[in-house]
Amino acid sequence: MPKHYRPPGKKREGNSAKYITRTKAIHYLQINLSSFRKLCILKGIFPREPKKKLEGNDKTYYHMKDIMFLAHEPLLEKFREIRAYDKKIKRALAKKNKDEVARLEKNRPSYTLDHLVKERYPQFVDALRDLDDCLTMIHLFAALPAVESERINVNRIHNCRRLSHEWQAYISRTHSLRKTFISVKGIYYQAEVQGQKITWLTPHALQQVIPDDVDFNVMLTFLEFYETLLAFANFKLYHSINVKYPPTLDPRLEALAADLYALSRYLAASSRTLLLDNKAIVPSESEQVDGGQADRQPNETDVRLALLQNQLPANESSSLTRLVVDVIDEDEDDMETRECKALFKNLKIFLSREVPRESLLFVIPAFGGVVGWDGDGSPIKESDESITHQIVDRPTQPHMFLSRDYVQPQWVYDCVNSLIIIPTENYLIGRVAPPHLSPFVDNEAEGYVPEYAETIKRLQAAYKKQLLPMPDLEQQDIDDPKNLFIEGVINRSEDTEASQRKREREILEKQYHNELKIEMQGVTCSASVPLQGNTLDEDIEGSIPQPDHAPNENENLSKSLMSRKKRKLYEAMQIGKARKRADIELLKERKKKADKQND
């Protein structure tokens, strides 16, 4: 018997024991393909690529440990129960027993995914890191129409819309929004929550068309898990700012489709009630010294007054609404959050009916602004004289107030990305707005800085009263200008002396070689004509090799000493740099063409 002979049926080793095909996994779990896909999506299990595919390259392989992990999942038994229950409903439909079908539909078994969220995200920070795709998909389904054939029902769309508005209300209230960008796909947002940067995409407020080549069964499975995940995240975030979840909204504003504004008012009222309770419960030092009223209960009048603020516009400039402006104390905010709070602090902005209302209702309050819109439920009317800016997206405006600026919506987003109030001259009605630059692109790393980006930098420096550094200079050089002058004088004198010594040495060497040639011809040095300095200089300049060839020779020499792996890597790096230079030249050419067309 050979040494490595293994009888059939014995323990296997290697890839054959570590991996299993999808067909065998389905047979092992005793479920159908759709249930297996759904279970893998919910549990976060994905196919693997083994080094050796023993059963062919056209197979899908899974890790055996993952399949054993699925075998102990409680949802597996629930899926089997639902599958058997669907057979009962089909049997009742075949017998045309409507009462039995109604009874079975009413008592259909259900399941929850709460344990999966706790299992996949042991800590809340892990859930925040994985919210990008979750938020993008929920905002997408919140904008889709209800299609019963694709199992996109109205309740699911309303739930997605509610979750998205709750998330936006928290971001707006805590001033966590950092970047925004309008693209063809939609509007990109980036927020910083508990030190984690979260980026998501929302579609434009247009009628969405359902494509035919999209498998909505897979997307709905992802959406089912993402709804549970975002509900957990909203619950945790709302409780972190001491606000009850789920929120109770004003039914009048809900009927007017002003859910985001209703949520903002709810958060403001909840925070005011909390601080009033704290003021009533925790006495000040003066009260303890004067009357010893440490055991005083909260005043019912104050609490009722704070609760009644929910029925008042949160943007009123009264003393009661200004009682609490921030959810988190000023001392707990970092510098960036304070800048975001104060960006639109003294501005009152009105939205015309043609602008993207939901996006601006989310962005403007996130940076401390007061906002109203054209329609019912708005806290301010268009005729209010305290309005400083009105957002208009039309070529002309029939009636205008002299006390406000009429600007395009891009002005708000550019101010947010630059964190300064940009002058409104370039954003007025009827003018071509400046280019909308993406805050997600690092211009310095790309090698091309647009002209308007340099203008924004100058405005930021003027706003912060800073001096812009020149190229190849650091901030410490600007802080002490004497260093620049001294270093410049020293470097210039050293370079001048070195070049002069080199030139004299070359002249002497050339003169010595010429004298040797004259002596070899039989002519004495005294009889020879003295050499002119100019001719020597010309000969020296002519004898010096061209500097362009030296780097190429050094580069070829260095490449010849490299190993093959390093040489291929170096060539790939050079190809990437060449592509970047080509892209930069293309952008510059487009800029020139655009300038010519504008002229």
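In this report, the structure presented in the accompanying data block is examined. (Residues numbered from 1 in each chain as written. Predicted model: local features only at pLDDT ≥ 70, side-chain atom pairs only at ≥ 80, totals over all residues. Heavy atoms only, no water.)

### A closer look at the pattern of salt bridges
Per the stated rule, a full pass over the model turns up 20 salt bridges. With a closest N to O distance of 3.3 Å, Arg 48 and Asp 66 form a salt bridge. Taken together, the positions of Arg 48 in the loop between helix H3 (33–43) and strand S2 (61–63) and Asp 66 in helix H4 (residues 64–71) put the pair 18 residues apart, joining distant regions of the chain. Several salt bridges share partner residues, and in doing so they unite Lys 43, Glu 73 and Glu 119 into one network. (Salt bridge = Lys/Arg side-chain N within 4 Å of Asp/Glu carboxyl O. Helix = DSSP H or I, 4+ residues; strand = E, 2+ residues; numbered from the N terminus.)

### What about the sheet that holds strand S3 (residues 177–182)?
Strand order in this open sheet of three strands is S3-S4-S5, and the pairing throughout is antiparallel. Where the open sheet ends on each side, the last strands, each with one partner, are S3 and strand S5 (196–202). For this sheet, the mean inter-axis angle between neighbouring strands, taken without regard to orientation, is 15 degrees. As paired elements, S3 and strand S4 (residues 187–193) share five bridges and run antiparallel to each other. In the sheet register, Phe 181 faces S4, and the bridge partner there is Tyr 188. Against the sheet, helix H17 (residues 357–366) touches S3, S4 and S5, its axis set at about 35 degrees to S4. (Pairing = 2+ DSSP bridges. Axes fitted to C-alpha atoms, helices over the stretch in contact; angles between N-to-C directions. Contact = heavy atoms within 4.5 Å.)

### What to know about the packing of aromatic side chains
The tally for this structure, following the rule as stated, stands at 15 aromatic pairs. Aromatic side chains Phe 79 and Tyr 111 sit 5.6 Å apart centroid to centroid with 80 degrees between the ring planes, which places their arrangement in the edge-to-face category. Separated by 32 residues along the polypeptide, Phe 79 in helix H5 (residues 74–94) and Tyr 111 in the loop between helix H6 (98–106) and helix H7 (114–120) bring together distant segments of the chain. Note on Tyr 111: relative accessible area 22%, which makes it partly exposed. Each ring, one from Phe 344 and one from Phe 367, has its centre 6.4 Å from the other, and the planes form 65 degrees; the classification is edge-to-face. On the criterion of sequence distance, the pair formed by Phe 344 in the loop between helix H16 (335–342) and strand S6 (348–351) and Phe 367 in the loop between H17 and strand S7 (370–373) is long-range, its members being 23 residues apart. (Phe/Tyr/Trp six-rings, centres within 6.5 Å; stacked < 30°, edge-to-face > 60°. Buried < 20%, exposed > 50% of the residue type's maximum accessible area, 1.4 Å probe, protein only.)

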